[in-house]
Amino acid sequence: MAVSAQLLVQELQIFGLECEEALIERLAELCVLYGQNEEGMVGELIAFCTSTRKDGLTSEVLNSFEHEFLSKRLSKAGHTASRDSRHAGARDIVSIQELIEVEEEEETLLNSYTTPSKGSQKRAIATPETPLTKRSVSARSPHQLLSPSSFSPSATPSQKYNSRSNGGEVVTSFGSVQGVSWSGRGGASNVSLKVLGSPESLTRSYKSMFQKLLDIREVLTYKIEELGSELKEHYKIEAFTPLLVPAQEPVTLLGQIGCDSNGKLNHKSVILEGDREHSSGAQIPVDLSELKEYSLFPGQVVVVEGINTTGRKLVATRLYEGVPLPFHQPTEEAGDSEQIMVLVACGPYTTSDSITFDPLLDLIAVINRDRPDVCILFGPFLDAKHEQVESCLLTSPFEDVFKQCLRTIIEGTRSSGSHLVFVPSLRDVHHEPVYPQPPFSCPDLPREDKKRVQFVSEPCTLSINGVIFGLTSTDLLFHMGAEEISSSSGTSDRFSRILKHILTQRSYYPLYPPQEDAAIDYDHLYACAQLPVTPDVFITPSELRYFVKDVLGCICVNPGRLTKGQVGGTFGRLYIRRQPADSGEGRRSPCAAAQVVRI
């Protein structure tokens, strides 16, 4: 290996170093001895001097560099090489399975070009301990597909999760579930899946992180005017009064609820931000003392009746109820009207003290056992809040771990034939953390799985055989519950109030300003995160307690999360059946039964 002393001098001059000719010759010897080129050797020398805080280049510094850095690196490389030669390349079980398959395919290909003869046929050796089985991708166990040791040095199973004794316990039910046998038809059923736009659906990534405040204001103003016109028509209101105009008689005002400071909303800090058409965006404080019942949150579009004698403060006397959108009217082309089973589960799919994905493998076993017609799986699949992810302890890129997880789900449920719907989450560490969130990208999806696997955006409105599902993995209940204020004369259910707000505000995320950890693109929020119709079933997973509720005719389900810290969580299952289009009856909920079950 030829080493140029002149190149070494030039490389050292880049860093402002000059040294004697003897030292240059010594450095050239080190390049030859350790098989390093001029640029690489100088770079490592500068790094060594910087880390050890050595000034200047002397013979002592070169000796230290050789003994403390170069020689150790050489011995480490030798040790690694000898270890690899002993083990012939340590591989995880996934790599071994793939190598075996490739070898078998090559052998099959070669055999097809040869003439079989009795003498040349090889007989495979099989023993009772290792029976002869045909290896195929679909026959592989999910435990073999997902090998945590390949991406985590400390992949130990969770003791608390494995010691649970209440798996399969039903924690809440809805509808006629007495004597119901929970099983679907898997791939045998005729299932039609279609994404509804609101007004358009999000299908690909987009550029974010640049929004003008004026553009955000435009979106919010248009939302106020749009909902205001609907309420005006519904309640037959003649006209809205400007906010700052004094009046001695009761007036009706349109606006958006806000807070008069940066703190949390309370009954003393409520302000009404007017629309642009009637009030030019003006604000006025609101006195709620005359209202017996109310439920308000920042960003809520309301129509308020009250007295504004000075033009500086509104004493509210009536709060008009919001109006939800109509339900979808299915057609005969919407798909089969037979009863189908839908399973819904939300990540994280690992416990907080382990990265072994044991809960996910248990869920795959449930899917293969019950064979639901549709499985809706919400992220996070690799949780950004997991301890090993936050500490960067994984040895593989986040994208690779997710792909391995995805492959495990798709191939592990292939025998069931269930349709799979994947919904991303803002907590998916490998995915774009902007709301609305584009679907996962999976260009290498096997051809045989393309018909039964669908990737949708977050949020998403999905038609399953004409039954409309509203899907969102964002914890709306937690976000809005932390900001909502209410007063009620009787018993009031907070979850029902929040869900009613979502349906009447006609948006998957009506809160403004949003939660601090939610990065929202408002142009796409208006285009892709509005409710096109009131869904028949609304799935909103949350950290809060699981439930199944009927709110304004919509069946709202919080299936919980598959894991809760170090212990197992819950998932949901539903039986749905579309009402025939020509039945002539009034609307009947398509959800026949629903349950939340412990994993």
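This is a predicted model, so every value here is computed, not measured.

K.L.:
Tell me what's going on with the overall build of the protein chain, and back it up with residues and numbers.
P.N.:
A count of helical and extended segments in the protein chain gives 15 helices and 22 strands. In the protein chain, buried positions account for 47% of the 599 residues. Residue pairs in contact within the protein chain that sit at least 24 positions apart in sequence constitute 75% of those at least 6 positions apart. About 30,300 Å² of surface is accessible on the protein chain, with carbon and sulfur atoms providing 50% of the total.

K.L.:
Explain the confidence of the model for the protein chain to me, and be specific about the residues and the numbers.
P.N.:
For the protein chain, mean pLDDT is 85; residues scoring 70 or higher make up 85% of the total. Low confidence marks residues 80–91, where pLDDT is under 50. Its contacts with residues over four positions away, or in another chain, come to 3 contacts. Every residue in residues 117–139 scores below 50 in pLDDT, and together they form 11 contacts with partners more than four places removed in sequence or on other chains.

K.L.:
For helix α1 (residues 5–14), give the residues involved together with the corresponding values.
P.N.:
Three or more residues of α1 are buried, namely Leu 8, Glu 11 and Leu 12. Across the axial projection of α1, the buried residues extend over an arc of 100 degrees, all falling on one side. Exposed and oriented more than 90 degrees from the buried face of α1 are Gln 6 and Ile 14. The inward-facing, buried residues of α1 abut α2 (21–34) and α3 (38–52). Taking the backbone nitrogen of Gln 6 as reference, a side-chain oxygen 3.4 Å away marks Ser 4 as the first, capping residue of α1. Gly 16 sits one or two residues past α1 and shows a positive phi near 75 degrees.

K.L.:
Describe the sheet that holds strand β5 (residues 283–287), and please don't skip the residues or the numbers.
P.N.:
Backbone hydrogen bonds hold the strands of a sheet together, and the pairing may be parallel or antiparallel. As summarised here, the arrangement of the 5 strands in space is β3-β4-β5-β8-β7, forming a closed barrel in which the pairing is mixed. When strand polarity is set aside, the average angle formed by the axes of neighbouring strands in this sheet is 55 degrees. As defined by bridge partners, strand β3 (residues 247–259) adjoins strand β7 (residues 301–308) across 7 bridges and the pair is classed as antiparallel. In the sheet register, Thr 252 faces β7, and the bridge partner there is Glu 305. Of the strands in this sheet, β3, β4 (270–274) and β7 touch helix α8 (residues 213–234), which is tilted by about 135 degrees from β3.

K.L.:
Tell me about the environment of Phe 210, residues and numbers included.
P.N.:
With respect to the helices and strands, the residue Phe 210 is situated in the loop between β2 (193–196) and α8. Along the backbone, Phe 210 and Asp 521 are 311 residues apart, and their C-alpha atoms lie at a distance of 8.5 Å.

K.L.:
Which residues make up the environment of Ile 355, and what values do they have?
P.N.:
Structurally, the position occupied by Ile 355 is in the loop between β9 (340–346) and α10 (358–370). Of the residues examined, Ile 355 reaches a relative accessible area of 0% and is grouped as buried. C-alpha separation for the pair Ile 355 and Ser 158, spaced 197 residues apart in sequence, amounts to 8.6 Å.

K.L.:
Lay out the packing of α10 against helix α12 (residues 398–412) with the relevant residues and their values.
P.N.:
Contact pair α10 / α12: the axes reach a minimum separation of 10 Å and the direction vectors enclose 20 degrees. Compared by their axis directions, α10 and α12 come out roughly parallel. Here α10 and α12 pass one another in a crossing that is right-handed. Contact residues: Leu 360, Leu 361, Ile 364 and Asn 368 in α10; Cys 405, Thr 408, Ile 409 and Gly 412 in α12. Broken down by class, the residue content of the contact of α10 with α12 amounts to 5 nonpolar, 3 polar and no charged.

K.L.:
Which residues make up the sheet that holds strand β16 (residues 537–539), and what values do they have?
P.N.:
One open sheet accounts for 6 strands, arranged β2-β13-β14-β16-β18-β17; its pairing is mixed. At either end of the open sheet lies a strand with only one pairing partner, and these are β2 and β17 (547–551). Strand after strand, the sheet turns through a mean of 25 degrees between neighbouring axes, direction not considered. Inspection of the sheet shows strand β13 (residues 460–464) paired to strand β14 (residues 467–471) by 5 bridges, in the antiparallel sense. By the bridge assignment, Leu 462 is partnered in β14 with Phe 469. Sheet contacts for helix α14 (residues 494–505): β16, β17 and β18 (554–558); angle to β17, the most-contacted strand, approximately 55 degrees.

Rules of the game
Residues numbered from 1 in each chain as written. Predicted model: local features only at pLDDT ≥ 70, side-chain atom pairs only at ≥ 80, totals over all residues. Heavy atoms only, no water. Helix = DSSP H or I, 4+ residues; strand = E, 2+ residues; numbered from the N terminus. Buried < 20%, exposed > 50% of the residue type's maximum accessible area, 1.4 Å probe, protein only. Contact = heavy atoms within 4.5 Å. Areas by Shrake-Rupley, 256 points an atom, 1.4 Å probe, with all protein chains shown as cover. pLDDT = per-residue confidence, 0-100. Arc of directions from axis to C-beta. Polar contact = N/O pair within 3.5 Å; in protein donor to acceptor, adjacent residues only side chain to side chain. Pairing = 2+ DSSP bridges. Axes fitted to C-alpha atoms, helices over the stretch in contact; angles between N-to-C directions. Parallel < 35°, antiparallel > 145°, perpendicular 65-115°, else oblique. Left-handed = near helix turned anticlockwise from the far one by under 90°. Nonpolar A, V, L, I, M, F, W, Y, C, P; charged D, E, K, R; others polar.

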